[in-house]
Amino acid sequence: MTENQKEFEEDKNLSEEKALDEEMEIDQEEGLEESGECEEDSTEELEEACEPENLDETGQETSESGHEPRRGLFGKSRKEKKDKKDAQIEELTDKYKRTMAEFDNFRKRTEKEMVQKQDLGARLVIEKMLPIIDSFERGLATLSEEERKEPFADGMDKVYKQLAKAMEELGVTPIEAVGKEFDPAFHNAVMQGEDENFGENIVAEEFLKGYLHHGTVVRHSMVKVVNC
């Protein structure tokens, strides 16, 4: 092959490559134009879809019939429903009220238990003191009027009265028995008999005095009941 032929072949190849490059550039430009048109079409479709179809004069959305938006099952729109914070506030308020009520009940129950324990402790002490009072009363009952005037007997009587006053200040009171109708809640019948001077089921004699502490029996009276 001569040099002229080689140059001719090289020029031919260059021309073909140039033609192919131009065709590819044309195809790319057409593709970009088509994609731009598609993007514009899709943007217009989205804007149309987002625009509310039914608006009133104030710009608010209405239904197809021109009325207000549909409400929920209970006649409340979404805006009228309770906010989560309001529901949480109500829940916490309810818990607070319940806690305060439980605390108040606990306080009252504790105070009642404390009073009961104090009364129980006081009654235990009173029970120990009653035999001492019984001994004072028996000893003073054996004295005559002249013997009571003696300094020693007078001193014992004053101590007895002081002890009885202290017991009264603690809420201790004696149970009435003689001449009263027998009551098993206060009296303990250890003897029965007949006596025309008393009515039916009456306490005729008291052997051991009974006592109350704030209305509660500390010790029952030991009595004789007649005409049962």
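What this report covers is the structure whose coordinates are included nearby. Numbers given to residues run from 1 along each chain, matching the order in which its sequence is written. Reporting in this predicted model follows two pLDDT cut-offs: at least 70 for local features of residues, and 80 or more for side-chain atom pairs to be given and counted; totals over whole chains, interfaces and linings ignore these cut-offs and use all residues. Working from all heavy atoms in the structure, the side-chain values ignore hydrogens and water.

Take a side-chain nitrogen of Lys or Arg and a carboxyl oxygen of Asp or Glu: if they are within 4 Å of each other, that pair is a salt bridge. Counted according to the given criterion, the structure contains 10 salt bridges. Linking E111 and R107 is a salt bridge whose minimum nitrogen-to-oxygen distance equals 3.3 Å. Of the two residues, E111 and R107 both sit in helix α2 (residues 84-141), four residues apart, roughly one turn of that helix. Here's how the labels work: a residue is buried when its accessible area is under 20% of the maximum for its type, exposed when over 50%, partly exposed in between, all with a 1.4 Å probe on protein chains only. We classify R107 as partly exposed; its relative accessible area is 33%. With its nearest N and O atoms 3.5 Å apart, the salt bridge here joins D154 to K158. Highlighted residues: D154 and K158, both in helix α4 (residues 151-169), separated by four residues, approximately one helical turn. Only DSSP runs of H or I covering at least 4 residues are called helices, and only runs of E covering at least 2 are called strands; the numbering of each starts at the N terminus.

Within a beta sheet, neighbouring strands are joined by backbone hydrogen bonds and run either parallel or antiparallel to one another. Note on pairing: DSSP must find at least two bridges between two strands before they are called paired. Across the sheet, three strands lie side by side as β2-β6-β3; this open sheet has mixed pairing. The strands lining the two open edges of the sheet, one partner per strand, are β2 (187-193) and β3 (202-208). For this sheet the average axis-to-axis angle between neighbouring strands, irrespective of direction, equals 35°. Bridging between β2 and strand β6 (residues 221-226) involves six bridges; their strand directions are parallel. Within β6, the residue paired with M191 across the bridge is K224. Every axis in this analysis is a line fitted to C-alpha atoms, fitted for helices over the stretch in contact. Angles between the N-to-C directions lie between 0 and 180 degrees.

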